[in-house]
Amino acid sequence: MSESGRPAARPSGGCAVRVLLTDPALPVAALGIAAIAAALYTPMLTWAITGGLAGYSLSGSV
């Protein structure tokens, strides 16, 4: 209710879209899948990150 006692106006149409866009289920699911994939590929990711940092430091960028 608004201050005048009348029901507050609601935006028409896009409420369902707004709910879908702000629902945290999709990002949480994506992060969960990414965490599982990262856990399965930990050795490869470790060497990739180490190699990338070594290449960055050896290139003179540091």
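Now for a look at the structure at hand. (Residues numbered from 1 in each chain as written. Predicted model: local features only at pLDDT ≥ 70, side-chain atom pairs only at ≥ 80, totals over all residues. Heavy atoms only, no water.)

**Focus: the overall build of the protein**
Counting its secondary structure elements, the protein contains 3 helices and 0 strands. For the protein, the N- to C-terminal ordering of α and β elements is α-α-α. Among the 62 residues that make up the protein, the fraction classed as buried is 0%. Split by element, the accessible area of the protein, about 5600 Å² in all, is 72% carbon and sulfur. (Helix = DSSP H or I, 4+ residues; strand = E, 2+ residues; numbered from the N terminus. Buried < 20%, exposed > 50% of the residue type's maximum accessible area, 1.4 Å probe, protein only. Areas by Shrake-Rupley, 256 points an atom, 1.4 Å probe, with all protein chains shown as cover.)

**Focus: a nonpolar patch on the surface**
Together, Ile36, Leu40, Tyr41, Met44, Leu45, Ile49 and Leu53 make up an exposed nonpolar region whose accessible area comes to about 770 Å². Contributing elements (two or more residues each) for the nonpolar patch: α2 (25-40) and α3 (42-58). At 4 residues, the largest contribution of residues to the nonpolar patch is made by α3. Within the secondary structure, Met44 is located in helix α3. (Patch = residues over 30% accessible without salt bridge, like charges linked within 9 Å, V, L, I, M, F, W, Y side chains within 5 Å. Salt bridge = Lys/Arg side-chain N within 4 Å of Asp/Glu carboxyl O.)

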